[in-house]
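# Summary of the model geometry
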Amino acid sequence: MKIVTYNVNGIKARLPRLLEYLEEAQPDVVCLQELKSSDETFPEAEVRGAGYGAVWHGQKGFNGVAVLARGADPVECQRGLEGEPDDEHSRYLECDVAGLTVASIYLPNGNPQPGPKFDYKLRWIERLRARAAQLLASEVPAVLAGDYNVIPNDDDVFSVRAMASDALMQPESRQGYRALVAQGWTDALRARHPRGGVWTFWDYQAGAWQRDAGFRIDHLLLSPAVADRLVEAGVDKEYRGREKASDHAPTWVRLR
C-alpha cells in the first residue's frame, strides 16, 4: 500500500498534474493539502474519473484538505480539531481507509514571527498533539500525513542560515513537532533516511528548484502498528520539475 501526502498548491490550477500523478504512480491513498477550493468547486468528477473516491474539507481561496482512495470511498471520521471553536480554517481531515485511520494535515505556516500567526501555529500544534494522543490511546492503526510547515532538523534544509528567522525553523515549532513524535509516532521519511538531505519543497523564488535549495516540511507520522508495516519512504521528486507544478513534491510511504 502506497500512501502519499501532496500539497498541490491549488487543486484547480494543478489538476492536470494531480491527475497525471494518480495515473502514473497509482497510489492507494493520497492526502492533499492547500486545495484553495470551496467544497462546491472541488473537482470530484475528475478525481472519480481517475478511479479515486474522495472526501474533502474545502475553503475558498485558502487552505483545504482532502483524502483520496483508489477504488474506494474514504469514510470521514473527523474534520477540524477541537480546542478553538471559532477556528474556521480547513486544515484537518481524518478518514478511515481500508482499516487505517488517515489524517490529511495542513499545519499553519506561522509567518511572520513573532506575532499572532506564529501564536496560532503553536496553539494548532498543541491541538494536533491532543488529537494524536487520542488516536494512540485508541490503538487504531493511524497515519498523520501532511504539510506540517516545520523543518525538524538542521539537515532537513539546504541552508540553516537562510531559514534561521523563518517560522518553519523556530525552536518552538521544532519542539512542538518533536513532542508530537515523542508520543510514539514514527517519522517515516526520517526513519528511512536518517542522514537527512531529503527535500519535499522547493520555493518558486530565486531558482530554488534549479539550485536544489529545498527543505523537508511534508511528513508522514506512523502509529506503532503501522510503523511495523513500513517498507520504504521517499519523495517523488521529479514531479516538482514538471510544467506548472506545485512547489511541493509528493511524499510517500509504502506499507506491507
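Read on for a plain summary of the structure.

How each quantity is defined
- Residues numbered from 1 in each chain as written.
- Predicted model: local features only at pLDDT ≥ 70, side-chain atom pairs only at ≥ 80, totals over all residues.
- Heavy atoms only, no water.
- Helix = DSSP H or I, 4+ residues; strand = E, 2+ residues; numbered from the N terminus.
- Buried < 20%, exposed > 50% of the residue type's maximum accessible area, 1.4 Å probe, protein only.
- Contact = heavy atoms within 4.5 Å.
- Lys, Arg positive; Asp, Glu negative; His and termini not counted.
- Charge placed at Lys NZ, Arg CZ, Asp CG, Glu CD.
- Axes fitted to C-alpha atoms, helices over the stretch in contact; angles between N-to-C directions.
- Parallel < 35°, antiparallel > 145°, perpendicular 65-115°, else oblique.
- Nonpolar A, V, L, I, M, F, W, Y, C, P; charged D, E, K, R; others polar.
- Expected span 1.5 Å × (residues − 1).
- Pairing = 2+ DSSP bridges.

## Section: the overall build of the protein chain
On a plain count of helices and strands, the protein chain comes out with seven helices and 14 strands. Expressed as a percentage of the 256 residues in the protein chain, the buried residues total 55%. When contacts within the protein chain are restricted to residue pairs at least 6 apart in sequence, long-range pairs at least 24 apart make up 69% of them. Across the protein chain, the 31 positively charged side chains and the 37 negatively charged ones have centroids separated by 4 Å.

## Some points on the packing of helix α3 (residues 116–138) against helix α4 (residues 171–181)
For the pair α3 and α4, the least separation of the axes is 10 Å and the interaxial angle reads 5 degrees. Between α3 and α4, the crossing angle belongs to the class labelled roughly parallel. For the pair α3 and α4, contact is made by F118, K121, L122, I125, L128, R129 and A132 and by E172, S173, G176, Y177, A179 and L180, respectively. Across the contact of α3 with α4, the residue classes tally to eight nonpolar, two polar and three charged.

## So, α3
With 23 residues, α3 extends 33 Å between its outermost C-alpha atoms, agreeing within 8% with the 33 Å of an ideal straight helix rising 1.5 Å per residue. Taken together, the buried positions of α3 are F118, Y120, K121, W124, I125, R127, L128, R131, A132 and L135. Those residues of α3 hidden inside the fold are in contact with β5 (75–79), β6 (92–97), β7 (100–106), β8 (142–147) and α4. Phi turns positive one or two residues past the end of α3, at E139, with a value near 60 degrees.

## Some words on the sheet that holds β7
Across the sheet, six strands lie side by side as β5-β6-β7-β8-β12-β9; this open sheet has mixed pairing. The two strands at the open ends of the sheet, each matched to only one other strand, are β5 and β9 (186–187). Pairing geometry for β6 and β7, over six bridges, is antiparallel. Across the sheet, residue D96 finds its bridge partner in β7, namely T101. On the sheet, α3 packs against β5, β6, β7 and β8 and is oriented at approximately 20 degrees with respect to β6.

These figures capture arrangement, not role.
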